[in-house]
Amino acid sequence: MAEITSALIVKALDGLAVRQVATAENIANAASPGFRPLRVSFEEALSAARGSEASIRAVRPHIGLAPAGETVRPDLELATAQATTGRYGALTDLLNRQLQLESLAITGER
């Protein structure tokens, strides 16, 4: 796996971790009067930064408030949490497999 691919995956994991925290906060505060849900975006910036490893490493998840008047919908927040967990698991699995392949290449074990 190329270094740029590894950097991309690690940065995506960072963004997904931030999204999971924001989603948990949204769920925890769903019944709080006047609470505005948090939204996390990073995919667009990460996609635009694919040109170089330095630009990928510079991407930071953007945490913002949902538009005024938008309330927390626990059902949608739970769906977001599930999707985020699935993506996170898939990416960690991919990194783990790559590390196993690199280990085999270095040690020559089967």
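Sequence order as written defines the numbering, with residues in each chain counted from 1. The predicted origin of the model limits local features to residues at a pLDDT of at least 70 and limits the giving and counting of side-chain atom pairs to 80 or more, whereas totals for whole chains, interfaces and linings rest on all residues. The basis for the side-chain values is all heavy atoms of the structure; hydrogens and waters are excluded.

A word on helix α4 (residues 74-107)
Turning to step 1, where the next piece is worked out: With 34 residues, α4 should reach 50 Å at 1.5 Å per residue; the first-to-last C-alpha distance of 49 Å fits that figure.
Turning to step 2, where the next piece is worked out: Burial classes follow relative accessibility: with a 1.4 Å probe on protein chains only, a residue under 20% of its type's maximum area counts as buried, one over 50% as exposed, and anything between as partly exposed. In DSSP terms, a helix is any run of H or I states spanning at least four residues, a strand is any run of E spanning at least two, and both are numbered starting from the N terminus. Of all the residues in α4, the buried ones are E77, A81, T84, L91, L95 and Q98.
Turning to step 3, where the next piece is worked out: Of the residues flanking the end of α4, it is G108, one or two places downstream, whose phi is positive at about 75°. The span one expects for a helix is its residue count, reduced by one, times 1.5 Å.

Thoughts on the environment of D93
Turning to step 1, where the next piece is worked out: Along the chain, D93 falls in helix α4.
Turning to step 2, where the next piece is worked out: C-alpha of D93 to C-alpha of S41: the two residues are 52 residues apart in sequence and 23 Å apart in space.

Considerations on the side chain of E77
Turning to step 1, where the next piece is worked out: With respect to the helices and strands, the residue E77 is situated in helix α4.
Turning to step 2, where the next piece is worked out: Accessibility expressed as a relative area gives 4% for E77, which makes it buried.
Turning to step 3, where the next piece is worked out: Contacts: residue pairs with any heavy atoms within 4.5 Å of one another. If near-sequence neighbours (up to four positions away) are discounted, E77 is found in contact with T23, N26, I27, P37, R39 and V72.

Notes on the nonpolar core
Turning to step 1, where the next piece is worked out: By convention a nonpolar core is built from buried Ala, Val, Leu, Ile, Met, Phe, Trp, Tyr and Cys residues, the set being connected through side-chain atoms within 4.5 Å. Within the largest apolar cluster, 15 residues are counted, with the highest numbers of intra-cluster contacts made by I9, L13, F42, L46, I56 and L91.
Turning to step 2, where the next piece is worked out: Elements with a minimum of two residues in this core: α1 (3-28), β1 (38-41) and α4.
Turning to step 3, where the next piece is worked out: No other element matches the six residues that α1 contributes to this core.
Turning to step 4, where the next piece is worked out: In contact with F42, other than residues within four places in its own chain, are A12, G15, L16, R19, V59 and P61.

Re the packing of α1 against α4
Turning to step 1, where the next piece is worked out: Packing of α1 against α4 brings their axes to within 9 Å, and their N-to-C directions diverge by 155°. On the basis of the axis angle, α1 is roughly antiparallel to α4. α4 is crossed by α1, and the crossing has left-handed handedness. Touching I9, V10, A12, L13, L16, A17, R19, Q20, T23, N26 and I27 of α1 are E77, L78, T80, A81, T84, T85, R87, Y88, L91, T92, L94 and L95, all from α4.
Turning to step 2, where the next piece is worked out: Residue type decides the class: Asp, Glu, Lys and Arg count as charged, Ala, Val, Leu, Ile, Met, Phe, Trp, Tyr, Cys and Pro as nonpolar, and the leftover types, Gly among them, as polar. Split into classes, the residues belonging to the contact of α1 with α4 amount to 13 nonpolar, seven polar and three charged. Simply put, an axis is a line fit to the C-alpha atoms, just over the touching stretch for a helix, and the angle between two N-to-C directions goes from 0 to 180 degrees. To sort the angles, those under 35 degrees are grouped as roughly parallel, those over 145 as roughly antiparallel, those from 65 to 115 as roughly perpendicular, and the leftovers as oblique. The hand of a helix crossing depends on one turn: near helix anticlockwise from the far one by less than a right angle means left-handed, and clockwise means right-handed.

Notes on the pairing of β1
Here is the key point about a regular strand: its side chains alternate between the two faces of the sheet.
Turning to step 1, where the next piece is worked out: Going residue by residue along β1, you find L38 and V40 tucked away on one face and R39 and S41 left uncovered on the opposite face.
Turning to step 2, where the next piece is worked out: Where β1 lies against strand β2 (residues 62-65), four bridges are found, and the strand directions are antiparallel. Counterpart to S41 in the pairing with β2 is H62. The criterion for strand pairing is that DSSP finds at least two bridges linking the strands in question.

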